Amino acid sequence: RMLWFGMLGHSSAMWADQVARSWLVWQLTGSATAIGIVSVFRALPLITVGLIGGVIADRFDKRMTLLITQMWSLVIYAAMAILILGGWIELWHVYSTAFLLGCGMAINQPVRTSMIPQLLTGSLLLNALSLNSIAINVSKLIGPAGIGLLIAANGDNVGPAYVIAVVVYIFIIIATVNIDYK
């Protein structure tokens with residue numbers, strides 16, 4: 001359950017960030033090309049670092065690796081919140097943090113997925129894999145819709161979206177610490 005709640009939170013934050021980051025880039029530049037470049041910066045690590053993500057999942061303690069990637073994301077979201085709310089945000093901040101988040105996601109996903117078979121067996125494993133897929137797909141709806149409403153309610157300010165991401169990641173880290181994993 002803890003791994004699933006963490007997955008739901010992580011995936012929701014990831015999709016919400018995509019909407020918030022795109023909106024922020026539009027506010028900063030008014031350029032659709034700049035929004036596309038953010039997606040490239042975010043996807044590039046998934047293609048490159050993702051190749052070693054599975055190796056990391058196999059060679060290192062999964063819970064500790066997961067905690068490190070989650071703290072990594074927490075720090076990046078906190079930096080974004082501070083930069084936005086302080087009025088210091090620049091386009092290069094958005095690009096570089098998108099790249100850094102992509103690096104964390106490229107490691108987080110294989111580690112999280114590889115933990116499932118070690119936590120459960122038999123028919124519970126099939127249920128857990130199905131629930132994992134549900135969490136990923138449900139979060140594609142919940143994250144962007146929730147963040148869109150939050151941004152609209154705050155006068156197009158994306159700062160509160162990153163504050164919420166920080167809070168969500170604190171809960172994700174607590175959930176991960178509480179996973180009964182050997």
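Here, residues in each chain are numbered from 1, in the same order as that chain's written sequence. The predicted nature of this model means local features are confined to residues of pLDDT at least 70 and side-chain atom pairs, given and counted, to a pLDDT of 80 or more, with totals for whole chains, interfaces and linings taken over all residues. In computing side-chain properties, one takes all heavy atoms of the structure into account and sets aside hydrogens as well as water.

**Q** An account of the side chain of K62 is needed here, citing residue identities and associated values.
**A** The helix and strand labels rest on DSSP assignments: H or I over at least four residues marks a helix, E over at least two residues marks a strand, and numbering proceeds from the N terminus. Mapping K62 onto the fold places it in helix α4 (residues 62–85). It turns out K62 is buried and unbridged, and the closest side chain with the opposite charge, D58, is 4.7 Å from it. It only takes one pair of heavy atoms within 4.5 Å for two residues to be counted as in contact. Residue contacts for K62: discarding those within four places in its chain leaves A57, V111, S114, M115, Q118 and Y181. For every residue, the accessible area (1.4 Å probe, protein chains only) is compared with the maximum for its type, and the residue is labelled buried under 20%, exposed over 50%, or partly exposed between those bounds. His is not counted, nor are the chain ends; Lys and Arg add positive charge and Asp and Glu add negative charge. Salt bridges are defined as contacts in which a side-chain nitrogen from Lys or Arg sits within 4 Å of a carboxyl oxygen from Asp or Glu.

**Q** How would you summarise a nonpolar patch on the surface if you had to cite specific residues and measurements?
**A** Residues qualify for a patch when their relative accessible area is over 30% and they have no salt bridge, like charges being joined within 9 Å and the nonpolar side chains of Val, Leu, Ile, Met, Phe, Trp and Tyr within 5 Å. Computed by Shrake-Rupley with a 1.4 Å probe, the accessible areas treat only the displayed protein chains as cover when residues are assessed. Taken together, the side chains of I37, F41, L44, W72, F99 and L100 present a nonpolar region at the surface, about 470 Å² in accessible area. Those elements that provide at least two residues to the nonpolar patch are α2 (32–48) and α5 (91–119). By the secondary structure assignment, F41 is in helix α2.

**Q** Can you lay out the nonpolar core for me, pointing to particular residues and giving the numbers?
**A** Nonpolar side chains tend toward joint burial in soluble globular proteins. Counting residues in each nonpolar core, the largest one holds 31 residues, and the members touching the most others are Y77 and Y162. Where this core is concerned, the elements lending two or more residues are α1 (2–29), α2, α4, α5, α6 (122–153) and α7 (159–177). The element that contributes the greatest number of residues to this core is α4, accounting for eight residues. In contact with Y77, other than residues within four places in its own chain, are A13, M14, D17, L101, Y162, A165, V166 and Y169. Each nonpolar core is a collection of buried residues, namely Ala, Val, Leu, Ile, Met, Phe, Trp, Tyr and Cys, held together in the definition by side-chain atoms within 4.5 Å.

Scope: geometric values only; no functional claims are made or implied.
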